[in-house]
Amino acid sequence: MSRKKYSLSGQLVATDTKKNLSIDTTHLPNQQTKEEIALDKFKLRIQDLIKPDHDDFYLHKWLKARCYDVDKAEKMFRTSMAFREKMKVDTILEDYKQPEVLCKYLTGGFCGHAKDGSPVRVEPYGRLDMKGLMCSVRKSDLEKAKIQQCEGTVRDWQEESKKRGYRVDGLTVVFDMAGVGTRMLWRPGLKMYLHLVKVLEDNYPEMMRRLLIINAPGIFPLLYKIARPLISEDMKQKIHVIGSDYKEYLLRYIDASDLPACYGGTLTDPDGDPTCKTMICYGGDVPEKYFLQTADFQEQMETATVPRGDKLTIDVQVNRPGSILKWEFKTENYDIGFGVLYQTSNGTVPVVPSSRVSSHVVAEDGSYICDNIGTYTLCFDNSFSWTRNKTIYYNTEVLYADDTRITTEINSLIEQGDWETLSQKFETTHL
């Protein structure tokens, strides 16, 4: 049995894992594999774009990302090179300065290296306020911040490779989902997050070495279902969903000295802080003082007018217990009252108490877990205003998490037991 391995120069080496022998296959005649033939074709196709640092190891990633389809790999590579020129990626580490709000509230940070040399990044996803960030910066700023992160990783690979004497590649991510609730299902924010993931996948193929998901909440199957179209079969092999004893598991891949003490390692800030806040941004709610303008989310929303001194009600039918009723809305210029009612045989019962919200400042969103089937009513209340009609833009939907096929797939990613068993042990927050 053999596996492919590359030297620092990018030269292909076949390693016999049983005998631990390394054989240089470069000069063996008539021994080309399909992958090597594809690589030769790929190099001919893109020879006008190849740079000195684009060795075989680097180019192999683009082919692997497109399952060795040379046509698709060429299109991906050319599109990426044009994107790099447009975004001035080659100098982005030196020339781009992130807005203050991203420095303070865009979660994540690097804290060391895994045992294989790959950089370790901690992502406290449950602390990410994507709505606040989207109201505070342009889309291009979020893209540039993530590209800058990736370029820093590439530079780290080069430096670490020189230190260790062998080629370092990949990224080890500790993806902490503590605090994740239904607010993460806010569609514009989730769409933006998935867009950023796609930007990275399209321009930094095969960067992820392993994704270690900890503190997965009960809503995880639903999030996975939404993100699933972007997850390749190869990527699924890199995802590890870990149970409540994740600290011991993380230490399989990361030395204690490179893992924050709060996650089971020994790494701390100089002042002894076990969360290592000088290295990792833990985000939090973005203050309104950073908002540039109310983000334009109404393009795909329904529109309605709530008459002065009146209410507007919207009925939603829920057919499965445990479903999640979601809503988002914004108003023009003025606030409005909002609440959710449940219709029983004895009348309506408030399940989300009505209150006035400043949806003219920032789009409002929320959710409710429906324990009972039946009719739920969204109520927009303008009865307190006798002089002004209110224009609202809104969306509402019912999400179902009980997809047996998705749960079965998730079980294959879990390192211990199955989802039903582990979900009872995870350290999660209430939805």
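A quick note: this is a predicted structure, and the numbers were derived from the prediction, not measured.

Caption draft 1: Representation of the nonpolar core in the model. By size, the foremost hydrophobic cluster in this structure holds 65 residues, and its most contacted members are Leu102, Tyr125, Met177, Ile213 and Phe220. Ranked by residues supplied to this core, first place goes to helix α8 (residues 187-203) with seven residues. Leave out the neighbours within four places in its chain, and Tyr125 touches Phe175, Asp176, Met177, Val180, Met184, Leu190 and Tyr193. Ranked by size, the runner-up nonpolar core spans 21 residues in total, among them Val306, Phe329, Val357 and Leu378.

Caption draft 2: How the structure looks around the pattern of salt bridges. Taken as a whole and assessed by the stated rule, the structure comprises 30 salt bridges. Salt-bridge contacts for Asp90 lead to Lys51; the nearest nitrogen and oxygen are separated by 3.4 Å. Residue Asp90 is found in the loop between α3 (70-87) and α4 (92-95), and its partner Lys51 is found in the loop between α1 (34-45) and α2 (56-65); the two are separated by 39 residues along the sequence. Residue Asp90 is classed as exposed on the basis of its relative accessible area of 51%. Across the pair Asp365 and Lys131 runs a salt bridge, and its minimum N-O distance is 2.4 Å. With Asp365 in strand β14 (residues 364-370) and Lys131 in helix α6 (residues 130-134), this pair connects stretches of sequence that are 234 residues apart. As far as the burial class goes, Asp365 and Lys131 line up, both buried. Taken together, the shared-partner salt bridges connect Arg45, Asp48, Asp71, Glu74 and Arg78 into one network.

Caption draft 3: How the structure looks around the packing of α2 against α3. For the pair α2 and α3, interaxial distance at closest approach is 8 Å and the crossing angle is 120°. For the element pair α2 / α3, the angle class is oblique. Viewed along their axes, α2 and α3 form a crossing whose handedness is right-handed. Of the residues in α3, those touching α2 at Tyr58, Leu59, Trp62, Leu63 and Ala65 are Val70, Ala73, Met76, Phe77, Ser80 and Met81. The residue makeup of the contact of α2 with α3, split by class, is ten nonpolar, one polar and no charged.

Caption draft 4: Local environment of the pairing of strand β12 (residues 336-344). One ladder, built from eight bridges, connects β12 with strand β13 (residues 347-357); its direction is antiparallel. Looking at β13, one finds that Val340 is bridged to Val352. The turn joining β12 and β13, which pair antiparallel and follow one another in sequence, is formed by two residues. Relative to strand β15 (residues 374-381), β12 runs antiparallel, the two being bridged by six bridges. Looking at β15, one finds that Gly339 is bridged to Cys379.

Caption draft 5: How the structure looks around unusual backbone geometry. With phi around 55°, Cys67 is a residue other than glycine that occupies positive phi space. With respect to the secondary-structure elements, Cys67 resides in the loop between α2 and α3. In this structure, Cys276 takes a positive phi of about 55° despite not being glycine. On the secondary structure map, Cys276 appears in the loop between α11 (246-253) and β9 (302-306).

What counts, and at which threshold
- Residues numbered from 1 in each chain as written.
- Predicted model: local features only at pLDDT ≥ 70, side-chain atom pairs only at ≥ 80, totals over all residues.
- Heavy atoms only, no water.
- Core = buried A, V, L, I, M, F, W, Y, C linked by side-chain atoms within 4.5 Å.
- Buried < 20%, exposed > 50% of the residue type's maximum accessible area, 1.4 Å probe, protein only.
- Helix = DSSP H or I, 4+ residues; strand = E, 2+ residues; numbered from the N terminus.
- Contact = heavy atoms within 4.5 Å.
- Salt bridge = Lys/Arg side-chain N within 4 Å of Asp/Glu carboxyl O.
- Axes fitted to C-alpha atoms, helices over the stretch in contact; angles between N-to-C directions.
- Parallel < 35°, antiparallel > 145°, perpendicular 65-115°, else oblique.
- Left-handed = near helix turned anticlockwise from the far one by under 90°.
- Nonpolar A, V, L, I, M, F, W, Y, C, P; charged D, E, K, R; others polar.
- Pairing = 2+ DSSP bridges.

Shape is all these values report; function is a separate question.
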